[in-house]
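Coordinate inspection notes
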Amino acid sequence: WVTLRDTCDARSDVYYGSLWAEQVNIGTASPIALFHDHWFAGSPAVTVNAWGQGQAYYVATQLEDVAWQRVLRQILDRHQLRSPLDVPEGVEVTVRQSDRQRYYFLLNHRPHPVSITLPEPMTRLTDQHVLSRIELNGWDATVLVGAGEK
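All values derive from a computational prediction rather than experimental measurement. (Residues numbered from 1 in each chain as written. Predicted model: local features only at pLDDT ≥ 70, side-chain atom pairs only at ≥ 80, totals over all residues. Heavy atoms only, no water.)

Section: the layout of surface pockets
Reported here for the largest pocket is a volume of approximately 710 Å³. Lining the largest pocket are 18 residues, and of these Arg73, Leu76, Ser83, Glu89 and Val91 sit closest to its centre. Partitioned by chemical class, the residues of the lining of the largest pocket number nine nonpolar, four polar and five charged. (1 Å grid on protein atoms, 1.4 Å probe; cavity = no way out; pocket = protein on both sides within 12 Å on 5 of 7 lines; lining within 4 Å. Points joined across faces, edges and corners; volume = space filled by probe spheres on them. Nonpolar A, V, L, I, M, F, W, Y, C, P; charged D, E, K, R; others polar.)

Quick notes on unusual backbone geometry
We note that Gln80 has phi near 55 degrees; this positive angle belongs to a residue other than glycine. Inspection of the secondary structure puts Gln80 in the loop between α1 (65-78) and β7 (91-97). (Helix = DSSP H or I, 4+ residues; strand = E, 2+ residues; numbered from the N terminus.)

Here we look at the packing of aromatic side chains
Evaluated as defined, the whole model comprises two aromatic pairs. Between Phe35 and Phe40, the ring centres sit 4.7 Å apart and the planes meet at 65 degrees, which makes this aromatic pair edge-to-face. This pair shows no difference in class: Phe35 is buried, exactly as Phe40 is. Measuring from centroid to centroid gives 4.8 Å for Trp39 and Phe40, while their planes differ by 75 degrees, and the two rings are edge-to-face. Of the residues examined, Trp39 reaches a relative accessible area of 63% and is grouped as exposed. Look at Phe40 and you get buried, because its relative accessible area is 6%. Among the aromatic residues, those joined into a ring-pair cluster are Phe35, Trp39 and Phe40. (Phe/Tyr/Trp six-rings, centres within 6.5 Å; stacked < 30°, edge-to-face > 60°. Buried < 20%, exposed > 50% of the residue type's maximum accessible area, 1.4 Å probe, protein only.)

Examining the pattern of salt bridges
Under the defined criterion, the tally for this structure stands at five salt bridges. Linking Arg110 and Glu89 is a salt bridge whose minimum nitrogen-to-oxygen distance equals 3.1 Å. With Arg110 in the loop between β8 (101-108) and β9 (114-124) and Glu89 in the loop between α1 and β7, this pair connects stretches of sequence that are 21 residues apart. Its relative accessible area of 30% is what places Arg110 among the partly exposed residues. Since its relative accessible area comes to 55%, Glu89 is described here as exposed. In this structure, Arg133 engages Glu135 in a salt bridge whose closest nitrogen and oxygen atoms are separated by 3.8 Å. (Salt bridge = Lys/Arg side-chain N within 4 Å of Asp/Glu carboxyl O.)

A word on the side chain of Asn108
Here Asn108 lies in strand β8. Exposure remark for Asn108: the relative accessible area of 3% places this residue in the buried category. Within the local environment of Asn108, its side chain forms a polar contact with the backbone oxygen of His112, the two atoms lying 2.9 Å apart. Here Asn108 is in contact with Gly90, Val91, Pro113, Val114, Leu136, Asn137, Gly138, Trp139 and Asp140, once residues within four sequence places are set aside. (Polar contact = N/O pair within 3.5 Å; in protein donor to acceptor, adjacent residues only side chain to side chain. Contact = heavy atoms within 4.5 Å.)

Some points on the environment of Arg73
Along the chain, Arg73 falls in helix α1. On the accessibility criterion, Arg73 (43% relative accessible area) is partly exposed. Sequence separation between Arg73 and Trp39 is 34 residues, and the spatial gap between their C-alpha atoms is 29 Å.

Quick look at the structure:
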């Protein structure tokens, strides 16, 4: 296990990396997190590099779940990205859109059921029921149809 410290904000939480760790030559990249101990102490554990009009991130260890969540939250916040629906942890939402409609694909990656309040009435694709709230069983998925462009 390797501990690493976050370099993005005033908090300096300690997380763990396992399975492997590699020493990275960052070149033009900037470190997001550093290894804290062992022979690679001070080396970058997570980096970001400008690439074209975007950014590329590199992770040089197997991060524990809480560290992944922290890194991903920082990336989402930095780019002002938000989920298209407010859903519980473990529920994935993707959207496909045409000129007239939005299709929301909801996947519950957890074994327990979840309840989701929708921001507007949506139609379940399979049975055409109009819903303002959806219940997803564990490991369940559904497709909802909403209005088009907003």
